[in-house]
2 protein chains.
Amino acid sequence: MGTLIDVPSPPRGRPRYRQVADELRRRILAGAIPAGSLLPTEPQLIAEFGVSRGTIREALGLLRAEGLVVTEHGRGSYARPILPVTRRGSDRYRQEMELTRATSFTVDHDLDWSAYQLDREFREVPASSAIAELFGAEPGTMLLERRFVFRAYGVPQQMSTSSYPLDLVAGTPVADPANEPWPGGNFAQLRSLGITVTRIVEKIRARMPVPEEVQTLRIPGGTPVLAITRRTFAGDRVVEAAVDIVLPADRTELEYEVDLS
Amino acid sequence: MGTLIDVPSPPRGRPRYRQVADELRRRILAGAIPAGSLLPTEPQLIAEFGVSRGTIREALGLLRAEGLVVTEHGRGSYARPILPVTRRGSDRYRQEMELTRATSFTVDHDLDWSAYQLDREFREVPASSAIAELFGAEPGTMLLERRFVFRAYGVPQQMSTSSYPLDLVAGTPVADPANEPWPGGNFAQLRSLGITVTRIVEKIRARMPVPEEVQTLRIPGGTPVLAITRRTFAGDRVVEAAVDIVLPADRTELEYEVDLS
DNA sequence: CTAGACGACTCGTCCAGACAACTGATTCAT
DNA sequence: ATGAATCAGTTGTCTGGACGAGTCGTCTAG
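K.L.:
Which residues make up unusual backbone geometry, and what values go with them?
P.N.:
The phi dihedral of Asp244(A) falls on the positive side, at around 55 degrees, and the residue is not glycine. With respect to the secondary-structure elements, Asp244(A) resides in strand S9 (residues 237-248).

K.L.:
Account for the protein's contact with DNA strand D, with residues named and values stated.
P.N.:
Taken together, the neighbourhood of DNA strand D is formed by 23 residues, with Glu42(A), Arg16(B), Ser52(B), Gly54(B) and Gly74(B) sitting nearest. Sort the elements by how many residues they give to the surface near DNA strand D and helix H3 (residues 53-65) of chain B lands first, with three residues.

K.L.:
Which residues make up the protein's contact with DNA strand C, and what values do they have?
P.N.:
Surveying the vicinity of DNA strand C reveals 23 residues, the closest of which are Arg16(A), Ser52(A), Thr55(A), Gly74(A) and Glu42(B). Elements with a minimum of two residues in the surface near DNA strand C: helix H1 (16-30) and helix H3 (53-65) of chain A together with helix H2 (42-49) and strand S2 (76-79) of chain B. Per-element tally for the surface near DNA strand C: the top contributor is H3(A), with three residues. Residue composition of the surface near DNA strand C, grouped by class: eight nonpolar, 11 polar and four charged.

K.L.:
Hey, could you go over the relation of the copies chain B and chain A for me, with residue numbers and the actual values?
P.N.:
These two copies of the chain differ by a rotation about an axis and a displacement along the same axis. When chain B is fitted onto chain A, the two copies agree to an RMSD of 0.2 Å after a turn of 180 degrees and an axial shift of 0.2 Å. The transformation relating the two chain copies, once decomposed into turn and shift, fits a two-fold axis. Most of the interface of chain B is mirrored in chain A: 100% of its interface residues are interface residues there too.

K.L.:
Any chance you could break down the environment of Ile219(A) for me, citing the residues and the numbers?
P.N.:
Residues and elements named next belong to chain A. Note that Ile 219 resides in the loop between helix H9 (211-217) and strand S8 (225-234). A count of 20 C-beta atoms within 10 Å places Ile 219 in the buried class. Measuring from C-alpha to C-alpha, the distance between Ile 219 and Gln 157 comes to 9.7 Å, with 62 residues separating the pair along the chain. Beyond its immediate stretch of four places on either side in the chain, Ile 219 contacts Pro 209, Glu 213, Val 214, Val 225 and Pro 248.

Scoring rules and cut-offs
Residues numbered from 1 in each chain as written. Chains lettered and ligands numbered in written order. Predicted model: local features only at pLDDT ≥ 70, side-chain atom pairs only at ≥ 80, totals over all residues. Helix = DSSP H or I, 4+ residues; strand = E, 2+ residues; numbered from the N terminus. Near = placed C-beta within 6 Å. Nonpolar A, V, L, I, M, F, W, Y, C, P; charged D, E, K, R; others polar. Least-squares fit on C-alpha atoms with pLDDT ≥ 70 in both. Contact = placed C-beta atoms within 7 Å. Buried ≥ 20, exposed ≤ 12 C-beta atoms within 10 Å, placed from the backbone.

As structure tokens, then:
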């Protein structure tokens, strides 16, 4: 009995659920289970590996956390399909400097000017200490805070919160949400105020999304997000700041160029 | 009985394990459970919420996946302590250009030259098609492939694989692992070969770590990694390429500056 | 006083069973 | 033909139990 492997002995070496996960991972990476195709169902895996359903589900949970597998209720689990990667280049800012209608978002996604939608929400708020620090200003300084959700062909791709100092934009067309999306983007807005952008500084972090982001951006389980904090400079003055530009990491690649010559 | 909430009815609205996770998340974010301190034990949570252990463990698993909680066998679960963040700036490359002993790694970590260790492993390999593309060369071109693990004060902080075209370095001191760590880093190595670096291009992605990375970098559960692909240019020629410079995202922040003036 | 054994308590793993909820195809009534 | 109801098959949620394995304090023998 049990000449090959004595099934019921629970924890000897590597846990059973890890062994199951290892085997399924091997099959996916080796191409035996092609991307996008269904894995065996839970009952099939129970029969194949001779373990209980809880153990199978634990193994699948591990693979979900690694981003290799996606599960859909009532349908099954399938190998995560390869997603198109969007490149956000650092010279997109340079392109935005040209006098076109393009914005950095449309450049990134290679979109026609009309192919995207923008949800926005404007508020006038006093700066928290964290944001005030970005501007190099006193906490409580009034800001125009703008929350955006960008969609390409209806699919949400990016959410962000961007702020202008209120004294810069109050009473101008820039402060009117009805004028979004603004042809030429932020740079054109600032230019309409007589301000020329000279420098961008971005801080990049990665983390797991909070539940709100999972819902808004439709992020599959086990996918991290890239969170960018951006400061826009005109000379030494910070004229715009964005906290947590959130991008799903499975669809995004950032590119930066550092010129040393 | 069960006037407040009828406990045994399983799936009504939000699943019980999510309710438990929500409540624990609230306590952590509100500071009721300070970072670094222990959560109630599983038996205590079972008593408090009146659910089975499996449900409690599922809730804790959710919080682990969100990166809010870390569990240690035999000790308990505690709110994830805040970790010091390392800033990797784009001007670190400019600093490395100066004629000092500093490397980009020591600049990032504000380390003394002697305070870090470097595990390395050199091989001569033909370029895969993916790496050949980075160099703009034919697949099969011979490369000197160097695998590194960087440690600061003994703690692994970064792992990477960097390659030079073999015809550039064969027979030179650069190809000898015994000369690592090389004072002044990659740039100084290239300079010793008469090559001046003019440009760096980096692509940044975020993803969940593979098991090998979890082990090597001691990454806690639910933490993504930043993966950087770097190309080093001398004029139009790519003289070095690094695939997947892997950095744990809970300890790392990248900074890039784009000059538009 | 110290080293080691012990035990209480913790989380880790695994099992078996039950029912809810969702999906997709089939069947049936209209 | 068409739309609604049904049904089989799938994953989601939850229970209860059992034992392995790591941690830490305490107690005891030396």
